[in-house]
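Architecture and fold: a report
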2 protein chains.
Amino acid sequence: MKKISIGIIGAGVVGGGVLEIFKKHSASIARRVGARVEISAVCDVSSRKVPARYRDVYVSDWRKIAADSGIDLVVELIGGYEPAATIILKSLASGKNVVTANKAVLAARWGDVFTAARRYSKLVYFEAAVGGAIPVVQALNEGLAANKITSISGILNGTSNYMLTAMHNDNISFASALKNAQLAGFAEADPSCDVKGIDTANKLAILTSIAAGAQVKLRDVSVEGIEDVSSVDVACLKNEFGRVIKLIGKTDIRPDGAIDITVRPRVISPSHPFGNVNWEYNAAMISGDSAGDLMFYGKGAGRLPAASAVVSDIIFLSRQIVSKTAGLMPYVEYDPSKKVKILDSSSRDGYYYLRFTVADKPGVLAKIAAALAFRGVSIASVYQNERPSQKSPSGAAVIIITHKAKESDLRSALDAIAGLRIVRKKTVVYPMEE
Amino acid sequence: MKKISIGIIGAGVVGGGVLEIFKKHSASIARRVGARVEISAVCDVSSRKVPARYRDVYVSDWRKIAADSGIDLVVELIGGYEPAATIILKSLASGKNVVTANKAVLAARWGDVFTAARRYSKLVYFEAAVGGAIPVVQALNEGLAANKITSISGILNGTSNYMLTAMHNDNISFASALKNAQLAGFAEADPSCDVKGIDTANKLAILTSIAAGAQVKLRDVSVEGIEDVSSVDVACLKNEFGRVIKLIGKTDIRPDGAIDITVRPRVISPSHPFGNVNWEYNAAMISGDSAGDLMFYGKGAGRLPAASAVVSDIIFLSRQIVSKTAGLMPYVEYDPSKKVKILDSSSRDGYYYLRFTVADKPGVLAKIAAALAFRGVSIASVYQNERPSQKSPSGAAVIIITHKAKESDLRSALDAIAGLRIVRKKTVVYPMEE
């Protein structure tokens, strides 16, 4: 029986999950691959992270794995930019196929990675980089291959979705929600990449690159995170409108190929397909010209869900190594000469939720209303819910829901209002889906 | 450039959609396959169904396509058992790969089809047989390859889901809902296969066969359709409980491999993942030991959604023909020697919605309640909503919601009640999901 040799670099949370699945399902993996799949090397900064049964294949330096001619497939699971990017590129250059869960490297260096893959006729699979256990990369890249993709949207970050769900369900503050997410193991000690929307933007850039057949980078994405979402917003939208705030990544691809790509908090109804996507769950909605709207939903975070995606990649890449076809055809379409036009998103129309934090003085609301009216932004509802006896030194919250307005007009009005020196903090602006 | 020759058998709704997608996207299909993909023959009972641009490749007898040594890939889209099954088997025997959307043939002859595929080293792809545009076959078979599948459930029939949605939203009768579905193009003139749950059962048998790696046939499925769902049920559940009835196919795979597989109407809450799956949409939920719960949602019916799945299959099968690897490894795991144990579903516990149609006489409710109590089935709520002045000649509806009960105990009680001659019609029994 043929043998496939795997080198795993990174024995942390996901890497540990991969080793666990291999222990549990090695017979069925071999049956599906049509070969014995052997973990021939496991690399991490310390051998203590490596389970006892893999200690004899422990390697302290990843370069040994990338250079080992006996290894067929390198699995990069260390995350971050470097040395992960170098590991992927060196492994390809030395004739190995690669499985990675690294969204940061792919979103930053899509072109470099897939140019190298093509040059060396190797494959890079990356299902675990987006949506955890959800096979959304495969669905977009293969299951929808007959379609022109017109839009992609998703709740793609488990940490921020966990926090927003906790704020909504339990009426707690942003700070408490973050603490809860950390205690539950769904937020890292430094959650900034998740909370600021960067992680979502990386994943959206990857999905959009697949759909476009060209490189879309993190810096092409207009990103706003959930740092400014307060319990005031969550409670007002829940109690007055029966609505919910979610951090949503959204790409629209126009018929001419130009792309509108944003990550921002959005207000949706509970009957929206994402309305019941809570806690660490992720969801992606993809629209194709023939297939219509499709949604994929599942666990976006956690040890075994991500490992499930990595091992599926290993199985299907190994099958191609066995049949000597890995790399004959590229996995994703990527045309280095194709430049994607990124649209300025402020030309969009929509309904908006606005929260102003204002000085508690007479006439403030009149000034805001006048500035909005001057730019043609009309007000549908206003909420200001302070008790008469109480004045907050940090300012009062004035919440306004607009009628349909152009975001560029709204932004001009907000600039004008900022000039009036009545606003104490950044004004929050969240689009409301109909 | 290499060429792949396709023979399409069946130019009806889905076949027409396939030809339309080929017309629109032939360049991107060729790019993805790495070869020119040519439709070399189109067969139907009449040439009038075939679009003008394919008239010169029209063939009236499918046997010509199955025997044509120039054809690489046969696409069977005529539906029904015969001659579809023979087309698939003869095409494999004459060295062709096959794409089919035929759930009836697969659910009846899974073993024959995949035994033939293996014998002749050819592939049979069938994404369009389940869930329309949703790439659920690929997700289950490939994306979740690293998992032991523990359960599969789904709303898999567009017709019955369209009807139940219409009954729920518009408070209309079963007959009106059927008429609406027919007018909207989502129910055939003879809808019995859809309404009786057979279509759902075929699709569930296919998904279960993939997960089990063995044949699970239509006759293994315990099937109940929506024929007995009345507007009384829909209205009571909506107004008294805020709940909704859906036709759900459900497979549980026990750790020992034994399978509980049923299709029946079930009562769910709107916050259930299937709660917002309405009209012609389908959804499938799959649970794996590592991946956890995943859901896939999209259009389960319609010309282009199904054609989207067929063309994706054609693309990925053609890639393997180009690289001469099609059939080196089987597409699905199928072990002819593996016999699946099918469980008797009546041993399950649950909450149940019951509707009795009874003679309108004193003491009837007391007798029903006593018979239920005698078998240990305890009552949570009772609804009987007839005006005092009004007696229906066809009998009165008595609705009972049980506390947790064993279905086998419930069935014994219903048998006893049937013996009392107070019930005028079949009593409906729908499990309520928590």
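Rules and cut-offs
- Residues numbered from 1 in each chain as written.
- Chains lettered and ligands numbered in written order.
- Predicted model: local features only at pLDDT ≥ 70, side-chain atom pairs only at ≥ 80, totals over all residues.
- Helix = DSSP H or I, 4+ residues; strand = E, 2+ residues; numbered from the N terminus.
- Rg over C-alpha atoms; globule rule 2.2 N^0.38 Å.
- Buried ≥ 20, exposed ≤ 12 C-beta atoms within 10 Å, placed from the backbone.
- Contact = placed C-beta atoms within 7 Å.
- Least-squares fit on C-alpha atoms with pLDDT ≥ 70 in both.
- Pairing = 2+ DSSP bridges.
- Axes fitted to C-alpha atoms, helices over the stretch in contact; angles between N-to-C directions.
- Parallel < 35°, antiparallel > 145°, perpendicular 65-115°, else oblique.
- Nonpolar A, V, L, I, M, F, W, Y, C, P; charged D, E, K, R; others polar.
- Domains from an automatic or database assignment.
- Bend = angle between axes of the 7 residues up to and from the residue.

Notes on the overall build of chain A
Within chain A, the secondary structure is distributed over 13 helices and 17 strands. Relative to its length of 434 residues, chain A is compact, with a C-alpha radius of gyration of 24 Å against a globular reference of 22 Å. With respect to the three principal axes, the spread of C-alpha positions in chain A is 80 × 45 × 35 Å. Residues classed as buried in chain A amount to 52% of the 434 residues present. When contacts within chain A are restricted to residue pairs at least 6 apart in sequence, those whose partners lie at least 24 apart make up 76%.

Some details on the relation of the copies chain A and chain B
Rotating chain A by 180° and moving it 0.0 Å along the rotation axis overlays it on chain B with an RMSD of 0.0 Å. Interpreted geometrically, this transformation is the action of a two-fold axis. Among all residues of chain A, the one whose C-alpha sits closest to the rotation axis is Phe296(A), at a distance of 2.3 Å. Comparing interface residues between copies, 100% of those in chain A also sit at the interface in chain B, which points to an isologous, same-surface contact.

Let's talk about the pairing of strand β9 (residues 244–253) of chain A
All names here are of chain A. Counting buried positions over the ten residues of β9 gives eight, a clear majority of the element. As defined by bridge partners, strand β7 (residues 149–155) adjoins β9 across four bridges and the pair is classed as antiparallel. Bridging across to β9, isoleucine 152 finds its partner in threonine 251. Across ten bridges, the pairing between β9 and strand β10 (residues 259–268) is antiparallel. Considered in β10, the bridge of isoleucine 253 is made with isoleucine 259. With antiparallel pairing between neighbouring strands as the criterion, β9 and β10 make up a hairpin whose turn holds five residues, including glycine 257 at a positive phi of roughly 95°.

Some words on the sheet that holds strand β2 (residues 36–43) of chain B
All names here are of chain B. Reading across from one edge, β3-β2-β1-β4-β5-β6 is the order of the six strands in this open sheet, with parallel pairing throughout. Looking along the sheet, the strands with just one partner apiece sit at the ends: β3 (58–59) and β6 (124–125). Packing against the sheet, helix α1 (residues 13–33) makes contact with β1 (3–9), β2 and β4 (73–76), and its axis sits at approximately 160° to β2.

Points about the packing of helix α5 (residues 136–143) of chain A against helix α9 (residues 198–212) of chain A
All names here are of chain A. Across the interface, α5 lies against α9 with an axial gap of 10 Å and an inter-helix angle of 10°. Classed by the angle they form, the pair α5 and α9 counts as roughly parallel. Across the interface between the two elements, Val137, Leu140 and Asn141 of α5 pack against Leu207, Ile210 and Ala211 of α9. Here the residues of the contact of α5 with α9 sort into five nonpolar, one polar and no charged.

Some details on the domain arrangement of chain A
Residues and elements named next belong to chain A. Here chain A is partitioned into domain 1 (3–132 + 303–322), domain 2 (136–299) and domain 3 (345–432). Centre-to-centre separation of domain 2 and domain 3, based on C-alpha positions: 25 Å. The partner domain 3 presents eleven residues to the 13 residues of domain 2 that form the contact. Grouping the amino acids of the side of domain 2 that touches domain 3 by side-chain chemistry returns six nonpolar, two polar and five charged.

Quick look at the environment of Thr159(B)
All names here are of chain B. Within the element layout of this structure, threonine 159 appears in helix α6 (residues 158–170). Here threonine 159 falls in the buried class, since 25 other C-beta atoms lie within 10 Å of it. Residue contacts for threonine 159: discarding those within four places in its chain leaves Ala181, Phe186, Ala187, Pro191, Asp194 and Val195.

Comments concerning the interface of chain A and chain B
Between chain A and chain B, the contact holds 43 residues from the first and 44 residues from the second. Every element with two or more residues in the side of chain A that touches chain B is listed here: α1 (13–33), α5, β12 (292–299) and α11 (303–322) of chain A. With nine residues, α11(A) is the single largest residue contributor to the side of chain A that touches chain B. Class assignment of the residues belonging to the side of chain A that touches chain B gives a composition of 22 nonpolar, 15 polar and six charged. With five bridges joining them, β12(A) and strand β12 (residues 292–299) of chain B adopt antiparallel strand pairing. Each residue of the ladder has a partner; that of Phe296(A), found in β12(B), is Phe296(B).

A look at helix α4 (residues 103–119) of chain A
Residues and elements named next belong to chain A. The largest bend along α4 measures about 95° and falls at arginine 109. Along α4, the residues that are buried comprise Lys103, Ala104, Val105, Leu106, Ala107, Arg109, Trp110, Val113, Phe114 and Ala117. Buried residues in α4 make contact with α3 (84–93), β6 (124–125) and α9. Within two residues after α4, serine 121 carries a phi angle of roughly 50°, on the positive side.

What about the sheet that holds strand β2 (residues 36–43) of chain A?
Residues and elements named next belong to chain A. Within the open sheet, the six strands sit side by side as β3-β2-β1-β4-β5-β6. Their pairing is parallel. Among the strands making up the open sheet, the edge pair consists of β3 (58–59) and β6. By the bridge criterion, two bridges tie strand β5 (residues 97–100) to β6 in an arrangement that is parallel. Residue pairing in the sheet places valine 98 in a bridge with valine 124 of β6.

Overview of the pairing of strand β11 (residues 281–288) of chain A
Residue and element names in this part refer to chain A. Taken across its eight residues, β11 has seven buried, putting it largely inside the fold. Two elements, β7 and β11, share six bridges in a ladder whose sense is antiparallel. Across the sheet, residue isoleucine 155 finds its bridge partner in β11, namely alanine 283. Here β11 runs beside β12; their pairing, made up of eight bridges, is antiparallel. Opposite asparagine 282, over in β12, you have glycine 298 as the bridge partner. Hairpin connection, β11 to β12: the antiparallel pair is bridged by three residues.

Focus: the environment of Arg109(A)
Residue and element names in this part refer to chain A. Mapped onto the secondary structure, arginine 109 falls in helix α4. Residue arginine 109 is classed as buried on the basis of its 20 C-beta neighbours within 10 Å. For the pair arginine 109 and tyrosine 81, spaced 28 residues apart in sequence, the C-alpha separation works out to 9.5 Å.

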